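Here are the chains, one letter per residue:
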Amino acid sequence: MAYQFKLAEKLVILNDRGQGVLIRMNHIKKVFTDSKRRPSYFTEKSNESAVKYINRKFPNIDIRGGSQHLSSIQKQKSAVLEGLQSYYESFIDVMEFRDNVYELLNTIDACQCFFDIAVNFDLTKNYLDLIVTYASVFYMLSRIDDKKAIVGLYNCAYEFSNGNSDPSFPRLGQMFIEYDHPWKKLSEEFGPHTKSVTGALLSLRMLYPRRNLSADQWRSAQLLSLLASPAAMLSPTCCDTMACEYLSTEVMERWILIGFLLCHSSLNTNADSQNLWKTALRSGLYLTVIRDEVLNIHKLSEDFFDGLKGYSKRIPDIKECKDYVITNCGALRREKRNFLRNALKELTKVLEDEPALLGPKALYVFMALSFSRDEVLWLVRHAENIPKTKTPEDYADSQLAELLYHMEKLRTLLAQHRYVIQRYHLQYLSQYDALVLNDIIQGMYVCPEEESVLMSSFVSTLSAMSLKHLDAGEEFDLKAFRLDWLRLQAYTSTGKAPLALKDYPDLAKVMNMAQFHTRMMDSVNELLCETADLSILCFHARVFEKLFSQSSEDVSMQRYLTAFPVICSHFSQCLHPLCPEETEEIENQSLKLCVSFLEEISRQTCTVVLEICAEQCNLHEKLLPKHSAETISTARNKKLKKSLPKKGDVPKEKPGTESLRKDRAIVTNLDKMHQALTELCASYSICADFTVFKHIIVPAEFLLSQLEIRLNKVIVQMANYNQSTHEIARPSDLLAGIQAYVTSLHSLSCYINIDVTRLVKNVLLQQTQPLDSYGSQTITTLYTNWFLEGLLRQASSALIVHCPTTQCFVNQNTENEQSFHAEEYADICGLRSLAELIGPYGLKFLNENLMWHIISQVGELKKLVSDNMDVLVQMRANFENPDAMSDLQKKLTGCENVLKRMTIIGVILSFRSMVQEALGEIMDRHCPFIMRPIKCLKDLISPEGDIKVTLSVYEMASAAGLPCEIDPALVSAIANMQTGHQNNIHCLATAVNHIAAAMFTVQRKNTRIQLQEFLKVASSILLQLGQNVERMEIKNRDSIYVILHMIVEQSPFLSQDMLETCFPYVLLRNAYREVHKTFIHTMG
């Protein structure tokens, strides 16, 4: 008869279905208690009257008599039907689940099934799971306050649409009324099932107390230790109840406490029942129903028994157990976690060293995971609802990270050495389990046909397994084997079964062991979900984050912190097909938690790394040449026997003294930082990457990202730019600092496998742009602003002058002391450092800003030319007529203005020329193989050729720092516009040459011919100036001669031969002599 009832199949299906229904009830409760997610029909004022009417009249709702209240529902009946259909059908699922469970429980009672966790483990477990799930579903149903309104609104809309009530509504309404007080109704329902339920629960009376031991008892038994008995290390771990060893104590407590709540009569009649119940009550205050929904079991039990006759004695028992929990349980659980931390650490180290032990000792791993999971979940449940106690610290654990870390390491070891585990257990199944099982079957007195077929299939399935299949890469699927064993348990556990399983304990022992071995072949991941699943932490986000925060504050726990984000990868295991609406919400929560944890770990690591870099940068800064003067001076004074320093003066420490150790026990700040860095980087070793809902997470990338952000900020801070005072760090000092940082950063790769070179390249490349990837200013922008506003603006006012001899800008001797020395920034060394820092991209940005300033001056010059256009045209036509030229020259206006603006342009172009030269040297040093082809290409191009080709080649050459006959940047700027001496006058030659070449290129004229004409006109005017005797007009005549010579000397289009044809060299020689007499040689 048992074959026909299909008890095993129904138990499996209903348990899965019940879990889905329970999750849906929890989801509906959350939706309707969240004001943001609550359907609009329950929040709109127009529907308030309808909702109140339905709740008042439920379940007898008269839509005709209540038409005035329900008119709003009639208007939007289609929307109500569509919006509430999934919720309504979920309640129908509850009703159907109840019907099927009710029928199955009656069938089990009729068959007089026998339950013993040590014999028919799977049957008993599925039976008790179903009872708890059934009770949990109706408890969750009672927690949905709006269930009557949901069903009532849907039914009214249905009746308005179809003219009659929904067929399921009357039964749904009745069910809601009956289960308004769920525990009372459920206890009445389970009255007839008391014998079966109590029998199943009492089978735990040996197992549960054995599993619920204290940490001291675990320690004395050397639980989970492979090193306790070295001689037995290679022996397979066997026991009579394999699956019971890793069965969750939380699950057992849920069975016991909810089971005796439903079938409570034995608590007054059976001492074993009472002792088991009390033991479970002493284990904690809360039971998990589903997700973050918990039961305050003591309060619930007290309220429930308070309303029952004959159970008054149970109330003191409950209070006594509650007091015991509050007083002792927190400390006991803390000790358990301390024990498990050390036990798992030892187990992990041994298995990492000898992974082959995963074969015979696989059970130890799952026991360790199950025990640890129970303790973690107990802490989370109670930390969310801390009771009033004198020791609240018992409900916090700053060292939980270590336990979680070792749990993850064990999971990783199981995944890494899957082949080892499969190979061992395949041989165990085929060469031991199959033989022993066959011997047991042969020794049976009675074996009905159906049972005989199943047991024969067991033997044949196990015997057929071979290493060849494993080595060939075949996937094993032994689910059918395990389901057949569950069927056999159901067949042999009925009251009138011809073959009673309880009479053959050896068969149960071997089959339970074989079942565990088959799970090692094909369902290790499923077993990990049972024993190590921490996905419930997704629903206790606040506690989870608090535990992470506590662990991150403990220095000794920093190496284990990555366990927290890795746990987020398991959250997908809590999804169920019956509630797809949860998927997106859980995915978002998982990613949010994971990212927040990794960002915090990366932030801490980044802080330590940059502190070490800053310390190393300070040490490196002491070695810079600028600090050597004092040492040299001291040595020289000592040699010359000058006055020694006073007694009160403290001698300055020399660089390197910080490395001298007189006592190894003394720990410096740098030592502490390196220790912290070692701990933090060790946390990244748990795994290179992991997956959270199809998102591949790489922890090291979070560190790189944080370093990139912080390093960009640090480099900008090192520049020390002050816009108000125009102060900024010297480029050479900043370059030295960055090099010190980069050197220190490269040592990071000794701790963790990350690409530091890529990080440095990304950061430095961003610093060559005006803004970094986060929109912040870079050193390119800062130095561009400083050189334009600080240096060149003062150079335009002749406070700073360009010195061609030393190739730098220098300060003028003025009464007002300037805030910086120009030669420290705009000399060869400084500009080379600048080119090294901001590179071709940054210098291109600087050049663009320089061009903008030049163009603004050219615009003013253009206005002056326009004002004097008529006179200039006449001068060009009469440059060989001295009298006419003299008269025309007097008519020119704004000559001083032209000179001033051309000088400013010359200053800017002289600075640009120095920058370009520095860039060229840097490019030659870093990439000579790129520079050589560019130089060759530039030399092959002639300005007289195709101007577009010429400009494109010159643009490339200019970007590489090479000097060009025509400045492409200036050409581009002027084309777009069409849409030293003490006063820097020597820069005029540079301005004339660059501006002329650019303008004539834009006008598509031959630059050489135009400049030759300019030379003739200029020479004629200057020769006429030599014949003038007026003092004011000949005041700077010699300087003008020199400038003309400089124009020719610097121009790629003019030559000395051309100059000598129209201007006598003797005049130039005399001019140089007079200028040398008048001005300071170093100034020009």
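The name recorded for the chain in an unreviewed UniProt entry is NCK associated protein 1 like, from Cyprinus carpio carpio.

Caption draft 1: The overall build of the chain, seen in detail. Helix and strand counts for the chain stand at 48 helices and 6 strands. In terms of overall dimensions, the chain is more spread out than a globule: its C-alpha atoms have a radius of gyration of 45 Å, far above the 31 Å expected for 1084 residues. Overall, the C-alpha framework of the chain stretches about 140 × 90 × 65 Å when taken along its three principal axes. A burial count over the chain gives 52% of its 1084 residues as buried.

Caption draft 2: Quick look at unusual backbone geometry. Here the amide bond leading from Phe58 into Pro59 is cis, since omega sits at 5°, within 30 degrees of zero. Counting through the fold element by element, Pro59 comes out in the loop between helix H3 (48-57) and helix H4 (67-75). Non-glycine residue Lys6 carries a positive phi angle of around 50°. Looking at where Lys6 falls in the secondary structure, it is placed in the loop between helix H1 (2-5) and helix H2 (7-33).

Caption draft 3: Seen up close, a nonpolar patch on the surface. The grouping of Val865, Met869, Leu872 and Val873 at the surface amounts to a nonpolar patch, some 310 Å² of accessible area in total. Here the nonpolar patch gets 3 residues from one element, more than from any other, and that element is helix H38 (residues 869-877). Structurally, Val873 can be placed in helix H38.

Caption draft 4: Local environment of the pattern of salt bridges. Taken as a whole and judged by the stated rule, the model has 48 salt bridges. Its salt-bridge partner being Asp397, residue Arg337 comes within 2.7 Å of it at the nearest N-O pair. One end of the pair, Arg337, is in helix H18 (residues 314-353); the other, Asp397, is in the loop between helix H19 (362-384) and helix H20 (400-416), with 60 residues separating them in the sequence. Across this residue pair, the class does not change: Arg337 and Asp397 are buried. With a closest N to O distance of 2.7 Å, Glu530 and Arg519 form a salt bridge.

Caption draft 5: Region of the structure containing the packing of helix H37 (residues 828-867) against helix H40 (residues 895-926). Relative to each other, H37 and H40 sit at 160°, their axes nearing to 9 Å. Classified by the interaxial angle, the pair formed by H37 and H40 is roughly antiparallel. Along this stretch, H37 crosses H40, giving a crossing that reads as left-handed. Of the residues in the contact of H37 with H40, the class split is 24 nonpolar, 7 polar and 7 charged.

Caption draft 6: The packing of aromatic side chains, seen in detail. Under the defined criterion, the tally for this structure stands at 39 aromatic pairs. Among the aromatic residues, those joined into a ring-pair cluster are Tyr783, Trp786, Phe787, Phe809, Phe820, Tyr825 and Phe911. Seen from the ring of Phe114, Lys502 lies directly overhead, with NZ or CZ sitting 5.2 Å from the centre. One Lys or Arg, Arg932, reaches over the ring of Phe929 and ends 5.6 Å from the middle of that ring.

Caption draft 7: Geometry of the environment of Phe476. Mapped onto the elements, Phe476 comes out in the loop between helix H23 (467-471) and helix H24 (479-491). Residue classification places Phe476 among the buried positions, given a relative accessible area of 16%. In the structure, Phe476 is positioned 54 residues away from Gln422 in sequence and 9.6 Å away in space, judged by C-alpha atoms. Here Phe476 is in contact with Gln422, Leu426, Met465, His469, Leu470, Met521 and Asp522, once residues within four sequence places are set aside.

Caption draft 8: Structural detail: the pairing of strand E5 (residues 800-803). Residues of E5 alternate between two faces, with Ile800 and His802 on one and Val801 and Cys803 on the opposite face, all of them buried. Across 4 bridges, E5 lies against strand E6 (residues 808-811) in antiparallel orientation. Note on E6: the bridge partner recorded for Val801 is Val810. Here E5 folds back onto E6, and the loop between the two strands holds 4 residues, one of which, Gln807, carries a positive phi near 50°.

Caption draft 9: Summary view of the packing of helix H5 (residues 77-110) against helix H6 (residues 121-142). For the pair H5 and H6, interaxial distance at closest approach is 11 Å and the crossing angle is 145°. Between H5 and H6 lies a crossing of left-handed hand. Only Tyr127, Leu130, Thr133, Tyr134, Val137, Phe138 and Leu141 of H6 make contact with H5, whose side of the interface consists of Phe91, Val94, Phe97, Arg98, Val101, Leu104, Leu105 and Ile108. Here the contact of H5 with H6 is built from residues that sort into 13 nonpolar, 1 polar and 1 charged.

Caption draft 10: Geometry of the nonpolar core. Grouped together as the largest cluster of nonpolar side chains are 315 residues, with contacts concentrated most on Trp183 and Leu791. What Leu791 contacts, discounting residues up to four positions off in sequence, is Trp786, Ile800, Phe809, Phe820, Ala822, Ala826 and Phe911.

Caption draft 11: The environment of Ala50, seen in detail. Mapped onto the secondary structure, Ala50 falls in helix H3. The exposure class of Ala50 is buried, given its relative accessible area of 0%. The sequence separation of Ala50 and Leu70 amounts to 20 residues, and the corresponding C-alpha distance is 5.1 Å.

Caption draft 12: Quick look at the state of the cysteines. By the definition in use, this model includes 0 disulfides. Here Cys239 is not cross-linked by a disulfide; its sulfur's nearest cysteine counterpart is in Cys238, at 7.6 Å. The closest cysteine sulfur to the non-disulfide-bonded Cys579 is located on Cys574, 10 Å from its own sulfur. Taking the relative accessible area as the measure of exposure, Cys579 reaches 0% and is therefore buried.

Caption draft 13: View of the side chain of Gln857. Locating Gln857 in the fold gives a position in helix H37. Setting aside anything within four residues of it in sequence, one finds Gln857 in contact with Arg901, Ile904 and Ile905.

Caption draft 14: Focus on the confidence of the model for the chain. Across the chain, the average pLDDT comes to 88, with 95% of residues at 70 or higher. Every residue in residues 1080-1084 is under pLDDT 50, and counting partners more than four places away or in other chains gives 10 contacts.

Caption draft 15: The arrangement of the side chain of Ser535 in detail. Its place among the elements puts Ser535 in the loop between helix H26 (524-532) and helix H27 (541-553). At 2.9 Å, the side chain of Ser535 and the side chain of Asp533 are in polar contact. Excluding anything up to four places from it in sequence, Ser535 contacts His570, Phe571 and Cys574.

Caption draft 16: Structural context of the environment of Ile23. With respect to the helices, strands and loops of the structure, Ile23 is situated in helix H2. Ile23 sits 231 residues away from Arg254 along the chain, and the two C-alpha atoms are 17 Å apart. In contact with Ile23, other than residues within four places in its own chain, are Ile290, Arg291, Cys574, His576, Cys579 and Glu582.

Here is what the cut-offs are and how they apply
- Residues numbered from 1 in each chain as written.
- Predicted model: local features only at pLDDT ≥ 70, side-chain atom pairs only at ≥ 80, totals over all residues.
- Heavy atoms only, no water.
- Helix = DSSP H or I, 4+ residues; strand = E, 2+ residues; numbered from the N terminus.
- Rg over C-alpha atoms; globule rule 2.2 N^0.38 Å.
- Buried < 20%, exposed > 50% of the residue type's maximum accessible area, 1.4 Å probe, protein only.
- Patch = residues over 30% accessible without salt bridge, like charges linked within 9 Å, V, L, I, M, F, W, Y side chains within 5 Å.
- Areas by Shrake-Rupley, 256 points an atom, 1.4 Å probe, with all protein chains shown as cover.
- Salt bridge = Lys/Arg side-chain N within 4 Å of Asp/Glu carboxyl O.
- Axes fitted to C-alpha atoms, helices over the stretch in contact; angles between N-to-C directions.
- Parallel < 35°, antiparallel > 145°, perpendicular 65-115°, else oblique.
- Left-handed = near helix turned anticlockwise from the far one by under 90°.
- Nonpolar A, V, L, I, M, F, W, Y, C, P; charged D, E, K, R; others polar.
- Phe/Tyr/Trp six-rings, centres within 6.5 Å; stacked < 30°, edge-to-face > 60°.
- Lys NZ or Arg CZ within 6 Å of the ring centre and 35° of its normal.
- Contact = heavy atoms within 4.5 Å.
- Pairing = 2+ DSSP bridges.
- Core = buried A, V, L, I, M, F, W, Y, C linked by side-chain atoms within 4.5 Å.
- Disulfide = S-S within 2.5 Å.
- pLDDT = per-residue confidence, 0-100.
- Polar contact = N/O pair within 3.5 Å; in protein donor to acceptor, adjacent residues only side chain to side chain.

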